[in-house]
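What follows is each chain in one-letter form.
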Amino acid sequence: MQNTSPSYKKGLSIIRFLSKISSSWPLDPEENRRAMLAVFFLLTMMIFTLAFSVYHFYNRHYIIVVWDFLGFFLSLLILLYLYKKGKTDIVDWMVGSGLILFGSVTTIIGRAEISIFFWAFVLPIAFFAVVGKKKGLVLSLLYLCINIFLMIAPEQMMHSQPYFPSFIIRFSVIYIIITFATYSYEFSQKTLVTDIQQSEEKYRRSEERYRTILEKIEDGYFEVNLVGKLTFFNNATCVLFGYSPNELMGMHYKRYTDKENARKLFQTFNEVYRTGIGSRILEYEAIRKDGTKRQVEIFASLMKNSEGNVTGFRGIIRDITERRKAEEFLRQSEEKYRTILENMEEGYYEVDLSGKFTFFNDSICQITGYSREELIGMSYRQYADEENSKKVFQKLNKLYKTRGSTAGFDLQMIRKDGAKRYIEASASLTKDSWGNPIGFRGIVRDITERKQVEKGFQRTMESLQKAMGTTVKVLTASETRDPFTAGHQSRTAHLACAIAREMGLPQDKIEGIHLAGIIHDIGKLSIPADILTKPAKLTELEFSLVKGHSQSGYEMLKDVESPWPLAEIVYQHHERMNGSGYPRNLRGTEILLEARIMAVADVVEAMSSPRSYRPALGIEAALAEIRKNKGFLYDDVVADACWKLFKEKGYQLA
């Protein structure tokens, strides 16, 4: 509560008066203080000169009365000049010289101890107040020297007796003490003013820096009073709520939210006020100026004045709408994929670098027979024997060292109940945010039934091959009808398999070529024996019957179940690369690779062996034929492989 006593008002009036007169002085803090002191001492001089004039008039010192009135009007003129013009340098020297003049005249004319001691007290303070610390010290010492000289001057010069030495000493001591005390005061005031200026500059820069930070940050900063009205905020707060600074200033928090969220805000601020703890984070729904709703997060703390009284709240407000949307999307996505993982038949797993389970779905539990509690942290070594554990270790270790993408492997695992199951697993590296491996993840499926089917199929295939071998032996009995071609099919099959191995074909394909070679001339069963064994050249009609054996063989074999294209190989073994072969004039890649191999083996064996109508031509003639027509009649790669067998590896027809 403000003091309204008359003395207080009067004191304020004097200060206002002094400030008004000195307001035209420069705004520097030190000079403004000097201006007020100069005005104060000029007013003091006016008052005391009037008082001295009354005293001297009463004692009939009329000349001094005139001098006192002159001092009064001179002080008044200086005050008026200071008020109107405000030229500091002129006023400094006017006040300084005027005070020296009047003090000296008092010493010369007055010879009154009361006047002299008055100036001893007033002048040093006045000098320092008007012209500052350095100039004031010079003027004070100058006046002391002048006044001492006047005090000891002879009677003829002063028209009065000199002062006593004791008086001069007292005056000088008092004057010097006041001078240096005032100098020390002015020095401390100068230091104080400098410190204040530096503090103000530091505070200004600090305030500017923090204001810049507040305006640059993306989060909103706010201050509200105890009623809940905004008193300060940064630009981010305006952007968040969609209001201009003028609209937002003084706005109550109920204006930018609904009743339910306003109640939550009130409870939060009330709790912060009661407990004094400002680490409370609240999420609520804010309503922007355009009516759109945003999810925001607010942190509030108490705001106090210098006396420690609570004046309001300050805090940070952040728009988390997009973050909440992203979190909801991730939650739904996680829920969706978790549902997929739990419903899929295949097992999904994640293990650390040591091979211990860190995450898995229900299918893993069903495959292994262990519960979730039992399986978590379990190593693969606990459900596999030594051989299969070593196999898993080698796969995972290679994947870790090579930083490969995936690895697949089969192994036999042991369920909790002791039953052995075959599983097929895939593995890939899992990495942290820096790209360092932290474990493995993959898919596991139970392939026990498939393995059993494959074993049954293998047994069936073996039985089939045995049965087919028996059938082939029966079928090859056709060779006995022509003693010249006896062994031709078996030798051709053997050579065709050797060529296929030289070309690097897989064993499965080689087995198909062998079977096809054994029966490639099965169609000759439909040709009369007298034509097959005729010692002379065949007629066109007879040769056309012989050429029909390829198609006859195809007709015999086309309905036979086999994993290899036996019927097509038999059908195509007389086709040629340029399309000049029979029976369909196929060319190039239209001919099966197995048939191209069979064609070269058939020609080499046939030319190397005798026939009823000619003697054997020999292996050299056969190889010359193949080499001459490779790429034209015969496949380049097949012809080169055949040549290499005989010339480099010493192959001989059995």
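Refer to the structure presented above.
Residues numbered from 1 in each chain as written. Predicted model: local features only at pLDDT ≥ 70, side-chain atom pairs only at ≥ 80, totals over all residues. Heavy atoms only, no water.

J.: Can you explain the nonpolar core? Please cite residues and give values.
T.: Membership of the largest hydrophobic core comes to 33 residues, with the highest contact counts inside it found for Leu495, Ile499, Ile597, Val600 and Val604. Residue assignment for this core shows that the elements contributing at least two residues are helix H17 (488–502), helix H18 (507–518), helix H22 (566–572), helix H23 (593–608), helix H24 (619–628) and helix H25 (636–647). At seven residues, the largest contribution of residues to this core is made by H23. Those residues in contact with Ile597 that lie beyond four places of it in its chain are Ala496, Ile499, Ala500, Met503, Leu505, Ile513 and Val638. (Core = buried A, V, L, I, M, F, W, Y, C linked by side-chain atoms within 4.5 Å. Buried < 20%, exposed > 50% of the residue type's maximum accessible area, 1.4 Å probe, protein only. Helix = DSSP H or I, 4+ residues; strand = E, 2+ residues; numbered from the N terminus. Contact = heavy atoms within 4.5 Å.)

J.: Break down the pairing of strand E2 (residues 230–233) for me, with residues and values.
T.: As paired strands, strand E1 (residues 220–225) and E2 are joined by three bridges and run antiparallel to one another. Bridge pairing in E2 links Val224 to Leu230. Between E1 and E2, which pair antiparallel in sequence order, lie four residues; one of them, Gly228, sits at a positive phi of approximately 105 degrees. (Pairing = 2+ DSSP bridges.)

J.: Report on H25, specifying residues and quantitative values.
T.: Under the 1.5 Å per step criterion, the end-to-end length of H25 is 16 Å for twelve residues, consistent within 8% with the ideal 16 Å. All of the buried residues along H25 are Val638, Ala639, Ala641, Cys642, Leu645 and Phe646. Axial view of H25: buried residues confined to an arc of 160 degrees, hence all on one face. On its buried face, H25 sits against H17, H23 and H24. Its side-chain oxygen at 2.9 Å from the backbone nitrogen of Val637, Asp635 defines the N-terminal cap of H25. (Expected span 1.5 Å × (residues − 1). Arc of directions from axis to C-beta. Polar contact = N/O pair within 3.5 Å; in protein donor to acceptor, adjacent residues only side chain to side chain.)

J.: Can you explain the pairing of strand E9 (residues 420–431)? Please cite residues and give values.
T.: Pairing between E9 and strand E10 (residues 437–446): seven bridges, direction antiparallel. Within E10, the position partnered with Thr430 by the bridge is Gly439. From the end of E9 to the start of E10, which pair antiparallel, there are five residues, and Gly435 there has a positive phi angle of about 85 degrees.

J.: Tell me about the packing of aromatic side chains, and name the residues and values.
T.: Scanning all chains against the criterion turns up ten aromatic pairs. Plain terms: the ring middles of Tyr221 and Phe232 are 6.0 Å apart, the flat faces sit at 70 degrees to each other, and that makes the pair edge-to-face. On the criterion of sequence distance, the pair formed by Tyr221 in strand E1 and Phe232 in strand E2 is long-range, its members being eleven residues apart. Note on Phe357 and Tyr383: the rings are 6.1 Å apart at their centroids and 25 degrees apart in plane angle, and the pair reads as stacked. With Phe357 in strand E7 (residues 357–360) and Tyr383 in the loop between helix H14 (372–375) and helix H15 (386–402), this residue pair connects regions lying 26 residues apart in the sequence. Of the two residues examined, Phe357 and Tyr383, each falls in the buried class. Taken together, Tyr349, Phe357, Phe360 and Tyr383 form an aromatic cluster joined through their ring pairs. (Phe/Tyr/Trp six-rings, centres within 6.5 Å; stacked < 30°, edge-to-face > 60°.)

J.: Would you mind going over the pattern of salt bridges in detail, with residue names and values included?
T.: Applying the stated criterion across every chain, the model contains 27 salt bridges. Ionic pairing is found between Glu283 and Arg324, a salt bridge with its closest N-O pair at 2.2 Å. You can see Glu283 sitting in strand E3 (residues 280–287) and its partner Arg324 sitting in helix H12 (residues 321–343), a full 41 residues away along the chain. With a relative accessible area of 24%, Arg324 lands in the partly exposed category. A salt bridge links Glu285 to Lys293; the shortest N-O distance between them is 3.9 Å. (Salt bridge = Lys/Arg side-chain N within 4 Å of Asp/Glu carboxyl O.)

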